[in-house]
Amino acid sequence: MLRPSPRHLRVPALGSPRAPRSSRRRVLGALGLALVLGAVGLPLERADAVPQNQAVWSVKCNISHSAADDPIVFPGQPGRSHLHDFFGSSSVDADTTTRSLVNAASSCLNGMNEVDKAGYWTPALMDGARAVRGSPDDHRIDAYYSVLHKSVPVRPIPFGLRMVAGDAKATRPQSLMVTSFDCVRFPNGGEVTARNSAIPTCPAGSYLSARVMFPSCWDGRNLDSPDHKSHMAYPTRERCPVSHPVSLPVLSIRARWKTIRSTPSSRLSLASGGQFSMHADFWNGWSPSIMDWLVANCLNGTRNCANISRSQVRAPTGSFPSGDGQPSGSGGTGGDARVATQPATVPATQRPRDQDQASAFDSAAVDSGSSAQAGDGTSGDSLAVTGPSATRLPLGAGLLLAVGIAILAAARRRPRHARR
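All residue numbers refer to position in the chain's written sequence, counted from 1. Given that the model is predicted, a residue must reach a pLDDT of at least 70 before its local features are reported, and side-chain atom pairs must reach 80 or more before they are shown or counted; all residues, however, enter totals for whole chains, interfaces and linings. For the side-chain quantities, the full set of heavy atoms in the structure was used; hydrogens and water were omitted.

### Here we look at the overall build of the protein
And then number 1: To qualify as a helix, a DSSP run of H or I must reach at least 4 residues; to qualify as a strand, a run of E must reach at least 2; elements of each kind are numbered from the N terminus. When you go through the protein residue by residue, the secondary structure sums to five helices and 18 strands.
And then number 2: Buried residues in the protein amount to 49% of all 420 residues.
And then number 3: Should any heavy atoms of two residues lie within 4.5 Å, those residues are considered in contact. Looking at the protein alone, contacts between residues at least 24 apart form 77% of all its contacts between residues at least 6 apart.
And then number 4: Using a 1.4 Å probe, accessible areas were evaluated by the Shrake-Rupley method; residue-level cover was limited to the displayed protein chains. Accessible surface, the protein as shown: approximately 18,800 Å² in total, 56% of it carbon and sulfur. Exposure categories follow from relative accessible area, calculated using a 1.4 Å probe and restricted to protein chains: below 20% of the type maximum is buried, above 50% is exposed, and the middle band is partly exposed.

This is the structure in structure tokens:
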């Protein structure tokens, strides 16, 4: 009677698939190892990017002075305007030019006074018949430059550009997406009331704040216009209109009056009249090289650079242009005049229609206390997060790594009948 041979002496039958199986496993193992090594060898990318609508840089500027001047609306006419509070460049008066802006000192903080010589101004706040006063830190603005929901890239604001946001003659509520008031927790920020077109009575433990959002679409040609608005437009459904095709950073300012706490609303008004006439003016005197860097690294690079300091900007100041600036095709100082397709006189809506703009304004690190990180001890605003951060594998490298590991695991697996 024949007995089966011992298992270790059996020879695979001719044509059995077991013979080449080990060689296939070696091939699969080599492929998996190659994929793993390739994934690990790819360069790491930074993990400090934020959602696009949170890309921002911001600066704080204390009040510099007050005067009944407005060099944009009433140039060369001292005393012709209602009373304004001025921030940034300390030289602003009725005879201001871009050259005089950049040759003066600036009230902006964290070393940004060296590079932000822009002029920002708002109507003075009145308590009865007198203008509200306080220390420079009690009355200041935060200027936020963001992307919101617009597409990137955006272009730097042209050197010497002037613009006005809001209606200084308004006698009824304006759009909350353009101007609004609210109350902010004292002293470290954080909204405690909803936004309102009229000036509220701020509850105990909070102070008065106002916000103004500027248009961010430029006609590509004019640094100003007769009404100081028609060369600019607000985006519609996140896009710039054909008449104003150059997409610029979204400038929004928050004015703070820290001495106005529990003051009855009935006592407060604006120097421009009533409570609905909130507005703001801007004259660009930024160092072009610094603005180029901030636009490229913070906005187009989708990073949160809130409350950035001069030491964090890795770009030389360079020299400020000597004139008032002219549009050019180069990337930084003047925008791109060649892309304009219609005359600047084409009327443009001066009120954004996209409701997302309002919510994006709150989420783009422009709301001082709502999502603050480490604070500076005085404002509660987010600090810049542009320093060293964690790194991660790019998505493609992660996929390669996962596939390689799976192939290696499959190559090492032995069929059940081979384990006997």
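### Considering the confidence of the model for the protein
And then number 1: What pLDDT expresses is the predictor's confidence in each residue, scored from 0 to 100. A residue-level look at the protein finds 65% of positions with pLDDT of 70 or above and a mean pLDDT of 78.
And then number 2: Low confidence marks residues 11-17, where pLDDT is under 50. Its contacts with residues over four positions away, or in another chain, come to one contact.

### Quick word on the sheet that holds strand S6 (residues 130-131)
And then number 1: Strands pair, by our definition, only if DSSP identifies at least two bridges between them. Here three strands make up an open sheet; going across it, the order is S6-S5-S15 and the pairing antiparallel. Strands at the two margins of the open sheet, each flanked by one partner only, are S6 and strand S15 (268-270).
And then number 2: As paired elements, strand S5 (residues 125-127) and S6 share two bridges and run antiparallel to each other. The residue bridging Asp 127 from the neighbouring strand is Arg 130, located in S6.

### Topic: unusual backbone geometry
And then number 1: The peptide bond linking Val 152 to Pro 153 adopts the cis configuration, its omega dihedral lying at 5 degrees.
And then number 2: Locating Pro 153 in the fold gives a position in the loop between strand S7 (139-146) and strand S8 (162-166).
And then number 3: In this chain, Phe 186 is followed by Pro 187 through a cis amide linkage whose omega measures 0 degrees.
And then number 4: Position of Pro 187 relative to the elements: it lies in the loop between strand S9 (179-185) and strand S10 (206-213).
And then number 5: A positive phi angle, near 65 degrees, is found at His 228, a position not held by glycine.
And then number 6: Mapped onto the elements of the fold, His 228 is located in the loop between strand S11 (217-218) and strand S12 (232-233).
And then number 7: Located in the positive-phi region is Glu 238, a residue other than glycine, with phi close to 70 degrees.
And then number 8: Relative to the helices and strands, Glu 238 is located in the loop between S12 and strand S13 (246-247).

### A short note on the sheet that holds S13
And then number 1: Read from one edge of the open sheet, three strands run S12-S11-S13, paired in antiparallel fashion. Each having just a single partner strand, S12 and S13 make up the two edges of the open sheet.
And then number 2: As judged from the two bridges shared by S11 and S12, these two strands associate in the antiparallel manner. Bridge pairing links Cys 217 to Ala 233 in S12.

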